[in-house]
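Descriptive analysis of the structure
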Amino acid sequence: MSILVINAGSSSIKYSVYETKTLRMINHGLIEEIRNHHEGFEVMRGHLETHDIDITQIDAIGHRVVHGGERFHEPARIDDDLIHEIRSLIPLAPLHNPANIEGIQAARAIAPNVPNFAIFDTAFHQSMPPYSYRYPLPHDWYESYHVRRYGFHGTSHHYVSTQAALILQKPLEELNLITFHIGNGVSACAIENGRSIDTSMGMTPLEGLMMGSRCGSIDPSIIGYLMRETKMSIDEIDTILNKKSGLLAIAGTNDIRSVIDAKNRGNQNAALAIDMFVYRLKKQLGEYMAILRGVDAVVFTGGIGEHSPLIHEMVCEGLEHLGISLDKEKNRACETQIHDLNTNIALLVIPTDEELQIALYVQKLLLS
Ligand code: AMP
């Protein structure tokens, strides 16, 4: 029997199928340019049938849902009320939650007897204390409009922290970790005794570190200033901050490989982009070292975090006084443990696997 994991975007459906007991992946695929999710699920059903997987006979379906607001601290079984609650969170995630709901509805229509579970990107960060998640803004903005920090990439931060615990051979509940998810989206998480106590993304995935095409944290007054000076609309500015900023704005591309190549050819904008990118990661590392009482490991994951020794080296450079010391040879050899063995803080490179983490959550719920 098997578990189907669904990541439904606005025009695509990414899916993976795992054996329920062993969580061995038995199939995966991506269906793009769908007109609607019902049609997309029909295409997926056809693909799965050619591999002898009958979607109506599987154990469960786990859906990635981007925003769970304050209500969801952990994965939840989907029923009509839960869909209603996810819908009520659309104003907080207008680009993602509608597609996630459509995916859920298409799954329920095509396999009415199979239980569905929602796994929220925000849930892992619900353990943040109020002084971490509140903004210094009027109470009413929080109470009436839910303006607070939620954090994202929670499934990824949780997965790599669990893997770090296996590598370090200690229970996760006894570990303090700093996890960096560095891909097109970038976020960091401070994990105390296995629980998220802070993360760099905020009310939306725009806050925090410099990203592929998102600016990360900037002075909020820039927005009003530019609206007054350029007469751009708030939507135009919003698009620039989310889609035309970050590495893309400074280096002309959001692909770190191209940025590094350009830097090596002497391109000054590419060099500046990398310096800005790394500077912010390094500052974040320092912040989290200050709030955690001792750190067992720093973990790198995501497309850049998993594959770019240069970024590891630049982030860790000059931090020996904080107990961070990278072994350059191990790093360049792309080993998992890239720290100098004489130091107490492990530096780990761990491939993330959000789909497998979703399958793990579903497996646990099926057994409970
Ligand atoms: P993600 O959003 O996690 O898929 O990560 C995308 C980022 O990872 C892009 O900036 C890619 O340039 C980078 N990336 C992916 N594969 C590699 C690789 N083999 N070496 C260096 N960077 C990579």
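About the thresholds
- Residues numbered from 1 in each chain as written.
- Predicted model: local features only at pLDDT ≥ 70, side-chain atom pairs only at ≥ 80, totals over all residues.
- Heavy atoms only, no water.
- Helix = DSSP H or I, 4+ residues; strand = E, 2+ residues; numbered from the N terminus.
- Rg over C-alpha atoms; globule rule 2.2 N^0.38 Å.
- Buried < 20%, exposed > 50% of the residue type's maximum accessible area, 1.4 Å probe, protein only.
- Contact = heavy atoms within 4.5 Å.
- Lys, Arg positive; Asp, Glu negative; His and termini not counted.
- Charge placed at Lys NZ, Arg CZ, Asp CG, Glu CD.
- Salt bridge = Lys/Arg side-chain N within 4 Å of Asp/Glu carboxyl O.
- Phe/Tyr/Trp six-rings, centres within 6.5 Å; stacked < 30°, edge-to-face > 60°.
- Pairing = 2+ DSSP bridges.

**Side note on the overall build of the protein**
Each helix and strand in the protein was counted, giving 15 helices and eleven strands. Taken over C-alpha atoms, the radius of gyration comes to 21 Å for the protein, in line with the 21 Å a tight globule of 368 residues would show. Its C-alpha atoms give the protein principal-axis dimensions of roughly 55 × 55 × 45 Å. Classification of the 368 residues of the protein by burial places 50% in the buried group. Here the contacts in the protein between residues at least 6 apart in sequence split such that 64% fall between residues at least 24 apart. Once the 31 positive and 45 negative side-chain charges of the protein are each reduced to a mean point, those two points are 3 Å apart.

**Some remarks on the pattern of salt bridges**
Any two side chains of opposite charge can pair, given that their charged atoms come close. Using the criterion set out here, one finds 13 salt bridges in the structure. In this structure, E39 and R35 form a salt bridge, with 2.7 Å as the shortest nitrogen-oxygen distance. Overall, R35 belongs to the exposed group, its relative accessible area being 73%. In this structure, E207 engages R149 in a salt bridge whose closest nitrogen and oxygen atoms are separated by 3.2 Å. One end of the pair, E207, is in the loop between β9 (195-199) and α7 (221-230); the other, R149, is in the loop between α5 (139-145) and α6 (154-168), and 58 residues separate them in sequence. The class of E207 is partly exposed, set by a relative accessible area of 22%. Judged by its relative accessible area of 8%, R149 is buried.

**Thoughts on the packing of aromatic side chains**
All chains considered together, the criterion is met by three aromatic pairs. Plain terms: the ring middles of F72 and F120 are 4.3 Å apart, the flat faces sit at 10 degrees to each other, and that makes the pair stacked. With F72 in the loop between β4 (60-65) and β5 (76-77) and F120 in strand β6 (residues 116-120), this pair connects stretches of sequence that are 48 residues apart. F120 carries the same exposure label as F72, and that label is buried. Aromatic side chains F180 and F300 sit 5.9 Å apart centroid to centroid with 15 degrees between the ring planes, which places their arrangement in the stacked category. Placement of F180 in strand β7 (residues 177-182) and of F300 in strand β10 (residues 297-301) is noted, with a sequence separation of 120 residues between them. The pair formed by F180 and F300 is uniform in burial state, with each residue classed as buried.

**Some remarks on the pairing of strand β3 (residues 25-31)**
Looking along a regular strand, one sees side chains alternate from face to face of the sheet. One ladder, built from six bridges, connects strand β2 (residues 13-19) with β3; its direction is antiparallel. By the bridge assignment for β3, I13 is matched with I31.

Just distances and angles here, no functional claims.
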